[in-house]
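# Examination of the molecular architecture
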Protein chains: 2
Amino acid sequence: MNENMDPIARIALQLSRLPGIGQKSAQRLAYHIAAMPENDVKELAAALWQSRKALHFCVRCGNYTQGELCSVCANEERQNGQLCVVRDARDVAAMERIRDFRGLYHVLGGTLSPMNGIGPEDIRIRELLSRLGAEDIQEVILATNPDIEGEATATYIARLIKPMGIKVTRIAHGVPVGSDLEYADEVTLAKAMEGRREL
Amino acid sequence: MNENMDPIARIALQLSRLPGIGQKSAQRLAYHIAAMPENDVKELAAALWQSRKALHFCVRCGNYTQGELCSVCANEERQNGQLCVVRDARDVAAMERIRDFRGLYHVLGGTLSPMNGIGPEDIRIRELLSRLGAEDIQEVILATNPDIEGEATATYIARLIKPMGIKVTRIAHGVPVGSDLEYADEVTLAKAMEGRREL
């Protein structure tokens, strides 16, 4: 990184590397930052750097944490025998927002994707299996995304775990709450019918 | 700023204060930054903070600069008797992109806006007048935005300068190049007709 380049160009260049920020937005943000009070920029830069430096992966589940264990793994009340398998830390945050699930997580750190050369040894499947051997888990809930790669990953993991005699479930597919049947795609609607429950 | 808050929430909070970045984008960016290599985040934070710290206002024109004079003011070849008055440093950058104007700039740092309590003493009009007394300027080009505040500012400055016997011009209003007449608004079209030139 050339520290002698124009300061505004330097800010813009760095920001334009972030996802969803194009050249124009980066330029606009750079001018905004140039006009911000020095202390506010210091706080912004410190938040980025200190926060990133503070973040590690939980040694047990792979979620982000500042310590050795994440807040979920460190909470003994969360050891209720359920283990929710998700793709990344973002999905843990989404799950935690529903405030309904009281078990533990396992973050895979990706999904199987032969097209992109991502195989079982590239995501945290081995760690999952060793947790199942060491911890008291009765149910593994596969909560990978409902897309092709997420489905393939869930199917793959289910096949590995079932012989161990552990219950394996998959989150339900169906029509989103608050949506309109008319606009649901055929696959989702078919899954919703297939997964219908008696009232 | 609470340094003990969740690192990802802290990054998201800071980013959400930037213009055009909402809660959701800030969250998404925060997770992206969490997943970035530590060194890249260090570079990003350093670019923000070091660049902001390096920026000052050019003592002559008010543009951003790292030294005392900006690169335009420091370039003696740019003293061709023309002075282009713009609202802010962003507009200097826009003008420089056309690579056509070879004179100097004067950055007002705002436009007159009685509604927002911004009067002539709040923008760099006094500095402009003292430059006109001290420097060899034959033409002042008023290049404030073609909106109500920009027009009012241009008119106000023109009235002050004309009695000094200096030529005062305003950038042309008209239909943008590459646009479609059909979609031009009436005011722009009227201005384009008014400013027509013989071929």
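Before reading further, recall that the structure is shown in the block above.
Residues numbered from 1 in each chain as written. Chains lettered and ligands numbered in written order. Predicted model: local features only at pLDDT ≥ 70, side-chain atom pairs only at ≥ 80, totals over all residues. Heavy atoms only, no water.

### Regarding the interface of chain B and chain A
What counts is decided by this rule: Here, residues are in contact when the closest pair of their heavy atoms is within 4.5 Å. A 1.4 Å probe defines the accessible area here, and the buried area is the portion of it lost by two parts on being joined, summed over both. Salt bridge, as used here: a side-chain nitrogen of Lys or Arg that lies within 4 Å of a carboxyl oxygen of Asp or Glu. For the purposes of these results, a polar contact is taken to be a pair of N or O atoms within 3.5 Å, where, inside protein, one atom must be able to donate a hydrogen and its partner to accept one; residues adjacent in sequence count only when each atom of the pair is a side-chain atom. Secondary structure elements follow DSSP: runs of H or I no shorter than four residues count as helices, runs of E no shorter than two count as strands, and numbering proceeds from the N terminus.
The interface of chain B with chain A comprises 46 residues on the first partner and 46 residues on the second. Buried area between chain B and chain A, summed over both chains or domains, comes out near 4,400 Å², and the portion from carbon and sulfur atoms is 66%. If you sort the residues of chain B by the area they bury against chain A, Y31, L48 and R52 of chain B come out on top, with a joint share of 15%. One salt bridge in this structure joins E43 of chain A and R17 of chain B, with 3.7 Å as the shortest N-O distance. At the surface where chain B touches chain A, the tally comes to twelve residue pairs in polar contact (both at pLDDT 80 or more). Taken together, the elements giving at least two residues each to the side of chain B that touches chain A come down to helix 1 (7-15), helix 2 (23-35), helix 3 (38-54) and helix 5 (89-97) of chain B.

### Describing the sheet that holds strand 3 (residues 82-86) of chain B
Residue and element names in this part refer to chain B. For clarity, the cut-off: Should DSSP find at least two bridges between two strands, the strands are taken to pair. The convention used is that axes are lines fitted to C-alpha atoms, helices contributing only their stretch in contact, and that angles between N-to-C directions extend from 0 to 180 degrees.
Across the sheet, which stays open at both edges, the four strands sit in the order 4-3-5-6 with parallel pairing between neighbours. Because the sheet does not close on itself, it has two edges, and the strands there are strand 4 (104-107) and strand 6 (167-170). Strand-to-strand twist of the sheet, defined as the mean angle between neighbouring strand axes without regard to direction, takes the value 25 degrees. Lying over the sheet, helix 5 contacts strand 3 and strand 4, oriented at roughly 155 degrees with respect to strand 4. Against the sheet, helix 7 (residues 148-161) makes contact with strand 3, strand 5 (139-142) and strand 6, and its axis sits at roughly 170 degrees relative to strand 6, the strand it touches most.

### A few points about the environment of Q82 of chain B
Residues and elements named next belong to chain B. Inclusion rule: Buried means the residue's accessible area, taken with a 1.4 Å probe over protein chains only, is under 20% of the maximum for its type, while exposed means over 50%, and partly exposed covers the values in between.
By the secondary structure assignment, Q82 is in strand 3. Here Q82 falls in the partly exposed class, since its relative accessible area comes to 24%. Between the C-alpha atoms of Q82 and R102, which are 20 residues apart in sequence, the distance is 8.0 Å. Q82 has contacts with F101, G103, L104, E139 and I141, leaving out every residue within four places of it along the chain. Within the structure, Q82 has its side chain in polar contact with the side chain of E139 (distance 3.3 Å).

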